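Listed below are the residues making up each chain.
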Amino acid sequence: MIARTIAACLFAAAVIVAAYLALVRQPTIDPITAPEHASFDPALVRHGEKLAALGNCNVCHTAPAGKIFAGGRALITPFGAVYSTNITPDPETGIGAWSETAFRRAMREGVDRAGRQLYPAFPYDHFTLLTDEDDKALYAYLMTREPVRTVTPANDLAFPYNMRLLLAGWQLLFLQRGPYHRDPGQSEQWNRGAYLVEGLAHCSACHTPRNALGAEKTGERFAGGESEGWTAYALNARSPAPVPWDADSLYDYLRNGWQAAHGVARGPMAAVMDNLGSTDDADLRAIATYMAGILGEPTPQRRRQGDAALAKARDADRTSTTGSIDTMGQGPTVPGNDNELGAKLYGSACAGCHESGRPLPFGGLHLALSTPIEGPNARNIINVVLAGIPAAPGGEPSPVMPGFAGAFSDQQLSALLAYLRARFSDKPQWTDIAKEVRDARTGARPVISYPSHGIGAAPADVSERMSPW
Amino acid sequence: MRKNYIVLSRRRVLAGTGALVVNFCSMPRLLAQEGQQSQAAGRQLPGSLKAAPFLDSWIRIGADGRITVFTGKVELGQGIKTALLQIAADELDVPFASLNLVTADTARTANEGFTSGSRSVQDSGTAIRHAAAQVRALLKAEAARRLASAPESLQTENGAVVADDGRRLSYGELVSEEMLHARAKPTSALKDPAALKVIGAAVERVDIPAKVTGGAAYVHDLRFPGMLHARVVRPPSYGAQLRSLDTGGVERMPGVIKVIRNGNFLAVVGEREYQCVKAMRALAAAAHWEENAQLPRQHELASLLLRLPSHDTAIFDQRGPGQAAHKTFAATYTRPYLAHGSIGPSCAAARFEDDALTVWSHSQGVYPDRQAIAQLLGLPPEGVRCIHVEGSGCYGHNGADDAAADAALIAREVPGRTVRVQWMREQEHAWEPYGPAMVTKVAASLDGSGKVLDWDYAVWSNSHGERPGGAGALIAGRSIAQPFPTPAPRANPQPEGGGVRNAIAIYKFPSARVVHHFLPDMPVRVSALRSLGAYMNVFSIESFMDELAQAAGRDPVEFRLDHLEDERAKAVVKTAAERFGWSQQHLARGHGRGFAFARYKNLAAYCAVAIESEVTPETGRARAVRAVAAVDAGQVVNPDGLVNQIEGGIIQSISWTLYEQVSFDAQRITSIDWSTYPILRFNAVPDSVEVHVLNRPGQPFLGAGEAAQGPAAAALANAIAHASGARLRDLPLTRERIKAAIAV
Amino acid sequence: MVKLTVNGRQHELTADPDTPLLYVLRDELALNGAKFGCGLGQCGACTVMVDGKAVLSCITPILLLEGRQVTTVEGLGTHDNPGPMQRAFIAEQAAQCGYCIAGMMMRAQALLQNNPRVSDADIRAALQPNLCRCGTHMRILRAVRRAARLMQTADADSAGNSQ
């Protein structure tokens, strides 16, 4: 009796496992010889280039100081490190032996040529939305890159996350296969924006919180997430930006890499902005329109708060270039808050640039307009204060902020952060400042430092100038 | 009406507005190896001895034997303090370490004009060399007299004259004031090149130890008892007028001693430096200006230059026999304004006491600056002493002279106190005179055998030399309540030239014509930047030679050799190519190689540069991977100093070429700091830079400090074209431009 | 009154607490090494070390530095007794105008003190905040590599001596 029950259970288990394996196992797609570059239509390749920029492919698939698209960059996840693959058309170490079908399957279904599931660190849960035509163009672009022979490091994942087969289960739960379907109730521009944002640009991959299995929480889309040690702020109604975003300001930001009422793109967004430099205006407008919808109409109260923040920033511009700082270099203290040290630090170390009245992008943002100060944690400010914003490495004009890692002690930095929050935000004080500072210093929270986005020519607009000296 | 004439040679003055003037200058004489233009008869003293013919203007010997060498040139970081002492040490036969050098000081040294044009070793070095040799001869003669020996039986060594029998008289014992106050002779018994021990030796630079151990080395390091600090407030744009100013708040700020206003000249003086900085900011905020400047549209700069009124001169015109052209090619090249971008913003100190003014400045020309400052203050020139103290690298006419004038004006307001004026970074960037924007057009035909048949070259440029001069050349001079008029711009005369420096290609063409379109209207403040027009002219000529070589199906190096006659030029070209490994074909994918050559001013040093570049087509990013150069500077004085200058010139030129352009809007300069005017950082530095020196013992010294700027630029452009197929003719060769020129 | 240790000596500074360290070093303590290049934290000519980390003294108010150890190039050795970094720069003749050099040396010193074995790429990356306008970069890199070797030899020597 018991033996038959055991046998039945074993049989059932075997059936389940067999069924699972049957579902999971994907066929290998035969290798091909990489087509000649000249066989690809140049217009298609150019289209693919634009798509690759939108998808930010080069950022993940290029190691620091490595060859472009040759992979080897570590993405630190809660499960360990995943290394990007070589997507140059090298036949042995890259995708040179991949047919277009194999490429499309990877994009649409998250499975490589050999039939193995891919880690969703490669955001195929977004790229699945791409149309066949766009996949074709991307394929043409990648297959016409310089083949680079390089073996990328193996992933460094703890058990059981290092078992790819389990990803089939993940895909079953969280992958909704594309391609994108138009919403007929929305405009063409909105649909284009939705297609780009939810597809290639994969914005919510950073800007949405993730569950314990590393998937985006469907109920909290664009409610804020993180990327490489940086907080990616909420882009829905919970956006902490003091001045609410709209389609126009979003477009400006995406086009230029900075926006007068919000600041300069830094951290991983700086790299995104570098890529968006080549994107068509129409596509950026579409993205901005779609995202404006996600952000939603600001309430009258938020609008008023935004106007007040702008007024504070403009006042500093109009009055003395010493701004709110007294002659002893101290900023105004916040009533009811005994943070004289923070006020002194702000006045002597920060206000020189951040209240100079020098306009963006090269002047420091007036902190009444700062999103991070309104944000859920102090991480991004800590990152920027410690490492600064390094100059763009390609020689383009770019905002430069020095780093203060050596200058500030942990205690001083904490005092400064508390002061900034108390002075420029009405929200409750952050409770975890000391820990966040410690984590950044020790590397417990690894932070990838990004150089500034290279901004084109300095603003030629006559109104965008600093106060005279 | 303003006189419109261009001096083409000392013998001809020609007049005519906009008329095309032809100059038949004598090429062989101009290319004379002496490195000096022959002057009228009677002025045959070598080098700067012409300007100061007495030996004791250059060499003084104390009774204790201490020897001081004087030069009217200044140390800019090019190592001449060391090189000049090497020259003196060898010709005087004294230990190098025993010498002292005094650099330009209007109270103590000869007037050698400006330290510029890579002439220091050529002019001052030559003078010192001859003066030292003649001093040694005089000392030997005196020793011969006292020892009753024949001068030929005497040797000099280690600062003494020694007889065959071992009797020894030190220079200190032999010397007298009258002895050295002797007029130099036109010729000297210079040491045989084979006997030189210090010239050409690897002598370490005398100034580096202080610089790496925190010794006082710069004008910025000057400290005087009771010294005051000062800051100027500059207007927001050229020609702005101060409409209102409320100084009350500023005067009450801690440490402020005085607020100075003289017309549009504004400054604040204080006890402590940082208090002064804060007071400056407050003063700037309290000032309200009416702005009048109208700057050109930045992206239309080239077409503007072509439309401005010009004085047109053919500086070279030589027609060969007519021949059928196989093919004709043409190209236009453009260059933006470039900033000196001195790392240390300009600084000066001044003290006004008993109607006399002393100024410490890093100006390249203390005598001319003294003249201008004297005029500014209404003092006689003798009432102003201008002493050179090193600044950071200036690379030409930067803010130094203006900072000196600022200090002078301020010092007069606080007599009896020494005042130190430090310019801010933004002020140095916005107010320095830039290297002018230029346009060049080249056209040439090839004959059936792939050689150049005829050559047509034209250059449009502002003046490259607006140094003081008069007080009107100074910012302070134009700012005060009774301003001095801005002097009319002038073109540097040939053969050195300003905008036309190196416009005449060194190659031998059967027919060639070179036209200078001098543009007197200067919408943006301009003056001399290292190599003047040579950077652009060599960039254009050498890029075009490459384009021609490609059209002729010839190797770029062989093509150049085919058109060169000067043997030293050919040697430099061959050396650079060989050391680079030019004939080896293998280059990694995305890499290219480029070559360029020029003889600076066609009469100074020869320099060839080969560069390997890497271009990433996906981003348009170009990098110089390695550079190999060869240089012939005649008799080499300090080999490492020479290598250092060429290395540095190559890297600086790479920065200019890939990144740099001054930016401005309709009214104001907007490139005011390193974020808005980025220059090369370590990530873009090549893997290696090699410099090979072809030493020519016995040959005259040839200036080399500016020889690499043009060749490096063209070599890089040629390498980028080779790597990517993108031929770019508009400087800078930005990432954006390269990307746009490449097929995906 | 802010108390500061500079090159091993304690000082009581009279400057206002918001004064950037650069002015205090140069004006109050008469130390020439750290230079004014921009005052904006963009060029690195003012680089010194604070507790062994590279710091831009032009944007560091002294109120941050109470009780901390500041090292300038003067603290690396003297004209008559130069330290390894200084000897390396002299040996490589790594200067043209020399204005940026003290800042470069301090940046390099902070790097090598914390990471004795550095690659060429590490050195280039570490020096990225420091500008040189004369183009002395190749020599600066050679000098830093040489200093690394000198410092390793010195360590080896002193390790031997202490036994």
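Residues numbered from 1 in each chain as written. Chains lettered and ligands numbered in written order. Predicted model: local features only at pLDDT ≥ 70, side-chain atom pairs only at ≥ 80, totals over all residues.

### Let's talk about the overall build of chain C
Counting secondary structure elements, chain C contains five helices and five strands. Sequence-ordered secondary structure for chain C, helices as α and strands as β, is β-β-α-β-β-β-α-α-α-α. On C-alpha atoms alone, chain C measures out to a radius of gyration of 16 Å, which is about the 15 Å that the 2.2 N^0.38 rule sets for 163 residues. Seen through its C-alpha atoms, chain C measures out along the principal axes to roughly 45 × 45 × 30 Å. A buried classification covers 62% of the 163 residues belonging to chain C. Restricting to contacts in chain C with at least 6 residues of sequence separation, those with at least 24 account for 60%. (Helix = DSSP H or I, 4+ residues; strand = E, 2+ residues; numbered from the N terminus. Rg over C-alpha atoms; globule rule 2.2 N^0.38 Å. Buried ≥ 20, exposed ≤ 12 C-beta atoms within 10 Å, placed from the backbone. Contact = placed C-beta atoms within 7 Å.)

### Considering the overall build of chain B
Across its full length, chain B carries 19 helices and 27 strands. Its C-alpha atoms give chain B a radius of gyration of 27 Å, near enough to 27 Å, the size a compact globule of 744 residues would have. Viewed in the frame of its principal axes, chain B has a C-alpha envelope of about 80 × 75 × 50 Å. Across the 744 residues in chain B, those meeting the buried criterion constitute 58%. Within chain B, contacts between residues at least 6 apart in sequence are counted, and of these 78% link residues at least 24 apart.

### Digging into the domain arrangement of chain B
All names here are of chain B. Splitting chain B by domain gives domain 1 (47-204), domain 2 (219-292 + 340-431) and domain 3 (438-464 + 499-741). Put simply, the middle of domain 1 and the middle of domain 2, counted by C-alpha atoms, are 38 Å apart. If you look at the interface, domain 1 gives 14 residues, while domain 2 gives 14 residues. Of the residues in the side of domain 1 that touches domain 2, the class split is five nonpolar, seven polar and two charged. (Domains from an automatic or database assignment. Nonpolar A, V, L, I, M, F, W, Y, C, P; charged D, E, K, R; others polar.)

### Structural notes on the interface of chain C and chain B
The interface is formed by 48 residues belonging to chain C together with 48 residues belonging to chain B. Listed by contribution, the elements that provide at least two residues to the side of chain C that touches chain B are helix H1 (21-28), helix H2 (84-91), helix H3 (101-114) and helix H5 (137-161) of chain C. Across the side of chain C that touches chain B, the residue classes tally to 25 nonpolar, 18 polar and five charged.

### Side note on the pairing of strand E19 (residues 384-388) of chain B
All names here are of chain B. The buried fraction of E19 is high, at four of five residues. The pairing of strand E18 (residues 356-361) with E19 spans five bridges and is classified as parallel. For Val 359, the partnering residue across the bridge sits in E19 and is Cys 386. Since E18 and E19 lie parallel, the crossover through helix H10 (residues 366-377) that links them has a hand, and here it is right-handed. (Pairing = 2+ DSSP bridges. Right-handed = clockwise from strand over helix to strand, strands pointing away.)

### Focus on the nonpolar core
Counting residues in hydrophobic clusters, the biggest one holds 407 residues, and the most contacted among them are Ala407(B), Cys607(B), Val609(B), Ala629(B), Val631(B) and Ile720(B). Setting aside residues no more than four positions away along its own chain, Ala629(B) makes contact with Ala576(B), Cys607(B), Ala608(B), Val609(B), Ile646(B), Ile650(B), Glu690(B), Val691(B), His692(B) and Ala708(B). (Core = buried A, V, L, I, M, F, W, Y, C linked by C-beta atoms within 7 Å.)

### Considerations on unusual backbone geometry
Cis geometry is adopted by the peptide bond preceding Pro160(A), which originates at Phe159(A) and carries an omega value of 0°. By the secondary structure assignment, Pro160(A) is in the loop between strand E3 (156-157) and helix H7 (165-174). With omega at 10°, the peptide bond leading from Gly178(A) into Pro179(A) counts as cis. Its identity as a non-glycine residue notwithstanding, His202(A) has a phi of 40°, on the positive side. When you line up the elements, His202(A) lands in the loop between helix H8 (188-198) and helix H9 (204-207). You can call His202(A) buried: it has 21 C-beta atoms within 10 Å. Within the chain, Asn602(B) stands out as a residue other than glycine whose phi angle is a positive 60°. When you line up the elements, Asn602(B) lands in the loop between strand E24 (591-599) and strand E25 (606-616). For Asn602(B), a count of 23 C-beta atoms within 10 Å puts it in the buried group.

### Remarks on the environment of Phe79(A)
All names here are of chain A. Within the secondary structure layout, Phe 79 lies in the loop between strand E1 (74-77) and strand E2 (80-83). Since 17 C-beta atoms lie within 10 Å of it, Phe 79 is described here as partly exposed. Residues Phe 79 and Leu 213 lie 134 residues apart in sequence; the distance between their C-alpha atoms is 9.1 Å. Leaving out residues up to four positions away in the same chain, Phe 79 has contacts with Leu 157, Ala 158, Tyr 161 and Gly 214.

### Things to note about the sheet that holds strand E6 (residues 99-102) of chain B
Residue and element names in this part refer to chain B. In space, the three strands of this open sheet follow the order E4-E5-E6, with mixed pairing throughout. Of all strands in the sheet, those bounded by a partner on one side alone are strand E4 (59-61) and E6. When strand polarity is set aside, the average angle formed by the axes of neighbouring strands in this sheet is 25°. Where helix H2 (residues 80-92) meets the sheet, its contacts fall on strand E5 (67-70) and E6, and the angle it forms with E6 comes to roughly 130°. (Axes fitted to C-alpha atoms, helices over the stretch in contact; angles between N-to-C directions.)

### Re the interface of chain C and chain A
Facing 17 residues of chain C, the contacting portion of chain A comprises 15 residues. Per-class residue counts for the side of chain C that touches chain A are 10 nonpolar, four polar and three charged.

### Observations concerning the packing of helix H4 (residues 100-109) of chain A against helix H6 (residues 132-143) of chain A
Residues and elements named next belong to chain A. The interhelical angle for the contact between H4 and H6, taken along N-to-C directions, is 115°, at an axis separation of 10 Å. Note on packing geometry: the crossing formed by H4 with H6 is right-handed. Between H4, through Glu 100, Phe 103, Arg 104 and Met 107, and H6, the contact on the second element is made entirely by Asp 132, Asp 135, Lys 136 and Tyr 139. For the contact of H4 with H6, the per-class residue count stands at three nonpolar, no polar and five charged. (Left-handed = near helix turned anticlockwise from the far one by under 90°.)

### Quick notes on the sheet that holds E3(A)
What the three strands build is an open sheet, ordered E1-E2-E3 (chain A); its pairing is antiparallel. Of all the strands in the sheet, the pair left with one neighbour each is E1 and E3 of chain A.

### A few points about the environment of His299(B)
Tracing the backbone through its elements, the reader meets His299(B) in the loop between strand E14 (287-290) and helix H9 (301-307). Along the primary structure His299(B) and Pro336(B) are separated by 37 residues, whereas in three dimensions their C-alpha atoms are 9.8 Å apart.

### Examining H1(C)
Among the eight residues in H1(C), six count as buried, and that is most of the element. If you check which residues of H1(C) are buried, you get Leu21(C), Leu22(C), Tyr23(C), Val24(C), Leu25(C) and Arg26(C). Where H1(C) is buried, its residues contact helix H8 (273-286) of chain B together with strand E2 (9-13), strand E3 (47-50) and strand E5 (69-71) of chain C.

### Notes on helix H14 (residues 340-354) of chain A
Residues and elements named next belong to chain A. Its maximal kink placed at Gly 347, H14 deviates by approximately 40°. Burial of H14 is extensive: 12 of the 15 residues sit out of reach of the surface. Every buried residue of H14 is listed here: Gly 342, Ala 343, Lys 344, Leu 345, Tyr 346, Gly 347, Ser 348, Ala 349, Cys 350, Ala 351, Gly 352 and His 354. Looking at the buried positions of H14, the neighbouring elements they touch are helix H17 (410-424). (Bend = angle between axes of the 7 residues up to and from the residue.)

### Notes on the environment of Phe595(B)
Residues and elements named next belong to chain B. With respect to the helices and strands, the residue Phe 595 is situated in strand E24. Residue classification places Phe 595 among the buried positions, given that 29 C-beta atoms sit within 10 Å. Considering only alpha carbons, one finds Phe 595 and Glu 614, 19 residues apart in sequence, at a separation of 15 Å. Ignoring any residue separated from it by four or fewer positions in sequence, one finds Phe 595 in contact with Pro 556, Val 557, Ala 577, Trp 582, Ala 610, Ala 715 and Asn 718.

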